[in-house]
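Single-letter residue listing:
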Amino acid sequence: MELFDSHRKKFLRRFSLLLPLCFLILISSVFFISVSFASDETLHKEQQALEQALENGAIRSYAMNGQYPESLDQILNDYHITYDRSRFVVEYTPNGSNLLPYISVILLSDTAGHGKGAAK
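Residues numbered from 1 in each chain as written. Predicted model: local features only at pLDDT ≥ 70, side-chain atom pairs only at ≥ 80, totals over all residues. Heavy atoms only, no water.

**Re the overall build of the chain**
Right, on to step 1. Looking only at helices and strands, the chain has three helices and two strands in total.
Right, on to step 2. Split into buried and exposed, the 120 residues of the chain put 21% on the buried side.
Right, on to step 3. For the chain, restricting intrachain contacts to residue pairs at least 6 apart in sequence, the fraction spanning at least 24 positions comes to 44%.
Right, on to step 4. Of the roughly 9,100 Å² of accessible surface on the chain, a fraction of 61% belongs to carbon and sulfur atoms. (Helix = DSSP H or I, 4+ residues; strand = E, 2+ residues; numbered from the N terminus. Buried < 20%, exposed > 50% of the residue type's maximum accessible area, 1.4 Å probe, protein only. Contact = heavy atoms within 4.5 Å. Areas by Shrake-Rupley, 256 points an atom, 1.4 Å probe, with all protein chains shown as cover.)

Below, the structure is given as structure tokens:
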């Protein structure tokens, strides 16, 4: 008879109904944190790959022509490098025809998701 159930039994019955819900919330939280971390890591690797591709393009241009490219557009066109301009800003500063230009890829803060911008 339910009329004479103890408080302990009522508590255990209610707890057994809430346990799957708590477990679901925990699993969902772990999944969300994992996806967020993977997304940030992917953006960081994309930033590094773009910077490395631009530096390699500049070095190849120097090896073939005897001088570094004067502009970023020259590297982008010659080596067919593309990137998402809404995610990254590329700073290209030539230092003369025989010195490696300064190349920096900056992640825009709106795409980082956490308001942090990463530079080089």
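Now, onward.
**Considering the pattern of salt bridges**
Right, on to step 1. Applying the stated criterion across every chain yields a total of two salt bridges.
Right, on to step 2. In this structure, the salt-bridge partner of Arg87 is Glu46, at a minimum N-O distance of 3.2 Å. Pair noted here: Arg87 is in the loop between helix H2 (72-78) and strand E1 (88-93) and Glu46 is in helix H1 (residues 7-65), with a separation of 41 residues, a long-range link.
Right, on to step 3. On the accessibility criterion, Arg87 (30% relative accessible area) is partly exposed.
Right, on to step 4. Of the residues examined, Glu46 reaches a relative accessible area of 31% and is grouped as partly exposed.
Right, on to step 5. Taking the shortest distance from any N to any O, the salt bridge between Asp84 and Arg87 comes out at 3.6 Å.
Right, on to step 6. Owing to a relative accessible area of 32%, Asp84 belongs among the partly exposed residues under this scheme.
Right, on to step 7. Among the charged side chains, a network of salt bridges with common partners joins Glu46, Asp84 and Arg87. (Salt bridge = Lys/Arg side-chain N within 4 Å of Asp/Glu carboxyl O.)

**Some thoughts on the nonpolar core**
Nonpolar side chains in soluble globular proteins tend to be buried together.
Right, on to step 1. Grouped together as the largest cluster of nonpolar side chains are 16 residues, with contacts concentrated most on Leu50, Leu54, Leu72, Tyr83 and Val90.
Right, on to step 2. Contributions of two or more residues to this core are made by H1, H2, E1 and strand E2 (102-107).
Right, on to step 3. Residue contributions to this core peak at four residues, all from H1.
Right, on to step 4. The contact partners of Leu50, leaving out residues within four places of it in the chain, are Ile81, Tyr83, Phe88, Val90 and Val105. (Core = buried A, V, L, I, M, F, W, Y, C linked by side-chain atoms within 4.5 Å.)

**A look at a nonpolar patch on the surface**
Right, on to step 1. Residues Phe11, Leu12, Phe15 and Leu19 make up a contiguous nonpolar surface patch of roughly 410 Å² in combined accessible area.
Right, on to step 2. Within the secondary structure, Leu19 is located in helix H1.
Right, on to step 3. Take Leu19: its relative accessible area is 45%, and that puts it in the partly exposed class. (Patch = residues over 30% accessible without salt bridge, like charges linked within 9 Å, V, L, I, M, F, W, Y side chains within 5 Å.)

**Considerations on the packing of aromatic side chains**
Right, on to step 1. Inspection of the entire model under this criterion finds one aromatic pair.
Right, on to step 2. Judged by centre distance (4.5 Å) and plane angle (15°), the rings of Tyr62 and Tyr68 are stacked.
Right, on to step 3. For Tyr62, a relative accessible area of 32% translates into the label partly exposed. (Phe/Tyr/Trp six-rings, centres within 6.5 Å; stacked < 30°, edge-to-face > 60°.)

**A look at the confidence of the model for the chain**
Right, on to step 1. With 87% of its residues at a pLDDT of at least 70, the chain reaches an overall mean of 85.
Right, on to step 2. Per-element confidence in the chain ranges from a low mean pLDDT of 62 for helix H3 (residues 109-112) to a high of 95 for E1.
Right, on to step 3. Every residue in residues 114-120 is under pLDDT 50, and counting partners more than four places away or in other chains gives 20 contacts. (pLDDT = per-residue confidence, 0-100.)

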